[in-house]
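Residue strings, one per chain:
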Amino acid sequence: MLRIRFHGRGGQGMKTASRILGSAAFHAGYVVQDAPVYGAERRGAPMAAFTRIAHAPILERGAIVQADLVVVADDTLLTEPAAQPLAGCGAHCTLLVNSTRDETALRHTTSHDGRLLVADFTALVLKLTQTLTGLSTALGIAATHMVGLSLADSLAGLTEELDDAQLSPAQHRANLQLAQATYALVRSWEPIQERQGEALVPATALVEMPFDPPWRAAPSIYAAANSPARHTGSWRQFRPVLHPEHCTRCWVCFVRCPEAAITLDCDDFPVVDYDVCKGCLLCVHECPTHAFSAEKEVR
Amino acid sequence: MTHGKLLTGNAAAAWGARLADVDYVPAFPITPQTEMIELLAQWAADGTIPARFVTLDSEHSMLTAAGAAAAAGARVFTATSSQGLLYGFEMLYTIAGWRVPLVLVNVSRGLSSPITLEADHNDILAARDSGFLQIHTETCQEVVDTILMAYRLAEDRRVMLPVLVNLDGFTLSFTREPVILPEPEMAAAFLPSYQPDHAFIRGHRPMAQGTAVLGGAAYSYFRYQQHRAQENALQVYQEIAEEFHTCCGRYYGLVEPFQLDDADYVLVMSNAFATKGKVAVQRLRAGGMRIGLLRLRVLRPFPAAAIAAVLEGRKAVAVIDQNLAPGLGGITYQEIAAALYDNPARPALLSIVGGLGGKDISEAEFDAIAEDVKRAAAGARVVGPRLLYTQPEWERMHTLLRIAGKEVEA
């Protein structure tokens, strides 16, 4: 069995990528299981998706603990405590990261001692589809190649997912072009191999849970005002940028920002706190004079 | 080439309703059931299914509408989960008392508080005394097949009770796996259109349904009739299971035995995590342990005789409850213990509680259970319930408590 884990943020399309891979492998005649896991719906929050590919019925469920291939949709996730994309990644595991940085740079930020593959899929996606929504296609197709599926099976799987997504004919074509371009980009990468023998799972002791006093055992949080410590700026794919020459200081962005990430300076101009701004772009859409533009985040 | 298509548990449930040719779908979305409602809404809107799809303002209204439509003679499908099931809870008993045969799918999700999203079975098991029949599923294939079987069971004149079909949130609801959909003609032959014979609305035949009674004797009569109908359902279910097997080639018994022929030890599990139990059984067998698994499928009516027949004479049995009755322990453990109590060949019986809120059950935890059943078979008294909770999970919990400022009392 091959076990592939995708890490992304809500809205990046990693659930779809896991399904593109699943559908392609199913089309090629394998038994497949795929599933996403995420919390309460939040665009930008870390999520994961899992695809299992086998010759026989799959007697596994839920999260993949020890993956053969881990696909990471952006490199900020590598150091994100809520994502932990490297969990269970031994030397056998191949790590594939979408990043503008190179392998050497990423080696410094990860502890991964297995194979590391890096490419800027986002650039390809923007070039061919003009939006970021194609990242699911790019990383889904990269994964189909990495598990050794043919381009024909990969495109068949992709087509099923594109049909489900009810795209316009132009978007459909653009995604197929993107798939071809992705395949060309990754085709020199050697596909992964099935692990020989099952991985050893370390023995773990069970604990007998004792009584805790209710002040501790009730689901309350005493540590007050800790949400500013949670820097959600890494969730952003596009950054709102103010062009003050168009700003009439009407405060609409300040009032509408759902994260209170916009404050006003002493002259009443809005100031975005990029540590907190999640990149929802409500300010860009709401600004009556179009004083905000959305700039692609490059990290 | 594998047959079938990849479907999530939610999509399989929607397909079940579609193949059952339902007339009416009252709906209220809730995670992790929403995709089922989205699909049915889409199919109703584009004319794929002739059903009337209506969104209601709460699960209480949704279940009221479902029961009322069933009382008018329509074939009704609806679905909810967790908090939604509890919000509509009053109507469960009410609808069962009306003796109307709708199918309600529950997508299991742990109950608040603290609020969560992933599966355990306290939601569905809270409804165990409502009069609804209950069938619990392990795979997406089983979801679609069970919905067809559930309508046959509900609409049988010897039963005439609503049915809850359970599937686990995330581990089944969002998980795609290969599903072979019965051909529509095959489904229609197995499940002909519903011919209501006691609850319907006809202009030429006025009647009052769901009337009030005063005096316990009248109440006792109506309530105990539900019990008699549930008892009948055991036999009716087996007929339907045979017929489904003939029609569609897949057999689903009241319970599912897995590698039990020579088993000294048995794990009892239900729903999607039973798959994990089966893998554990295979692994432990490779190590020389004669162990098997019994999967609970029909929980209401409770197939006490079928369960006792499988478990009697074994050395030790561990009942793994993915639920918790605080102050008591695992719920199905109590029922299985009662089913075995007067059996002279009853095995040692252990109560395990695990997978609460969807917590994984790891190999290490199955290994610990295997050690427990061996000790119990050797005569040790193993006092339950034993909670499955690992040292690393305990340490992570402590980190969370620290972050929450729970080092010292506020």
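Residues numbered from 1 in each chain as written. Chains lettered and ligands numbered in written order. Predicted model: local features only at pLDDT ≥ 70, side-chain atom pairs only at ≥ 80, totals over all residues.

**Description of the sheet that holds strand E1 (residues 2-9) of chain A**
All names here are of chain A. Inclusion rule: Strands are labelled as partners when DSSP assigns at least two bridges between them. Secondary structure follows DSSP: runs of H or I at least 4 residues long count as helices, runs of E at least 2 residues long count as strands, and numbering of each begins at the N terminus. Lines fitted to C-alpha atoms define the axes, with helix axes restricted to the stretch in contact, and inter-axis angles between N-to-C directions lie between 0 and 180 degrees.
With mixed pairing, 6 strands are arranged side by side in an open sheet as E2-E3-E1-E4-E5-E6. Both outer strands of the open sheet, strand E2 (31-37) and strand E6 (116-119), are each paired with one neighbouring strand and no more. On average, each strand axis in the sheet is inclined to that of its neighbour by 15 degrees, with strand direction left out of account. In terms of strand pairing, E1 meets strand E4 (residues 69-72) through 4 bridges, oriented parallel. Across the sheet, the residue bridging to Arg5 is Val70, located in E4.

**Quick look at the domain arrangement of chain A**
Interfaces are often sized by the accessible area lost when the parts come together. All names here are of chain A. Selection criterion: Residue ranges labeled as domains rest on an automatic or database domain assignment. Whether two residues are in contact is decided by their C-beta atoms, placed from the backbone, lying within 7 Å. Residue classes follow a fixed rule: Ala, Val, Leu, Ile, Met, Phe, Trp, Tyr, Cys and Pro count as nonpolar, while Asp, Glu, Lys and Arg count as charged, and any other residue, Gly among them, counts as polar.
In terms of domain boundaries, chain A breaks down into domain 1 (2-186) and domain 2 (232-296). On a C-alpha basis, the centroid separation for the pair domain 1 and domain 2 is 31 Å. Taken residue by residue, the interface counts 8 residues in domain 1 and 9 residues in domain 2. Of the residues that constitute the side of domain 1 that touches domain 2, the class distribution is 3 nonpolar, 2 polar and 3 charged.

**Some words on the packing of helix H1 (residues 14-27) of chain A against helix H4 (residues 135-146) of chain A**
Residue and element names in this part refer to chain A. Basically, it comes down to this: Each angle gets one of four labels, with under 35 degrees taken as roughly parallel, over 145 as roughly antiparallel, 65 to 115 as roughly perpendicular, and the rest as oblique. Here a crossing is called left-handed whenever its near helix is offset anticlockwise from the far helix by less than a right angle, and right-handed whenever the offset is clockwise.
Contact geometry for H1 and H4: axes closest at 8 Å, N-to-C directions at 40 degrees. The orientation of H1 with respect to H4, classified from their angle, is oblique. Like other packed secondary-structure pairs, H1 and H4 cross with a definite hand, here right-handed. Between H1 and H4, the contacting residues are Met14, Thr16, Ala17, Ile20, Leu21 and Ala24 on the first element and Ser136, Thr137, Leu139, Gly140, Ile141, Ala143 and Thr144 on the second. Taken together, the residues that form the contact of H1 with H4 break down as 8 nonpolar, 5 polar and no charged.

**A look at the interface of chain A and chain B**
At the junction of the two partners, chain A supplies 32 residues and chain B supplies 39 residues. No other element matches the 7 residues that E2 of chain A contributes to the side of chain A that touches chain B. Partitioning the side of chain A that touches chain B into residue classes produces 20 nonpolar, 7 polar and 5 charged.

**Describing the domain arrangement of chain B**
All names here are of chain B. Parsing chain B into structural domains produces domain 1 (5-248) and domain 2 (255-395). Taking the mean C-alpha position of each, domain 1 and domain 2 sit 28 Å from one another. Taken together, the contacts link 27 residues of domain 1 with 22 residues of domain 2. For the side of domain 1 that touches domain 2, the elements supplying multiple residues, two or more each, are helix H6 (122-126), strand E6 (133-136), strand E7 (163-168) and helix H9 (216-248). Here the side of domain 1 that touches domain 2 gets 5 residues from one element, more than from any other, and that element is H9. Its residues placed into classes, the side of domain 1 that touches domain 2 shows 10 nonpolar, 11 polar and 6 charged.

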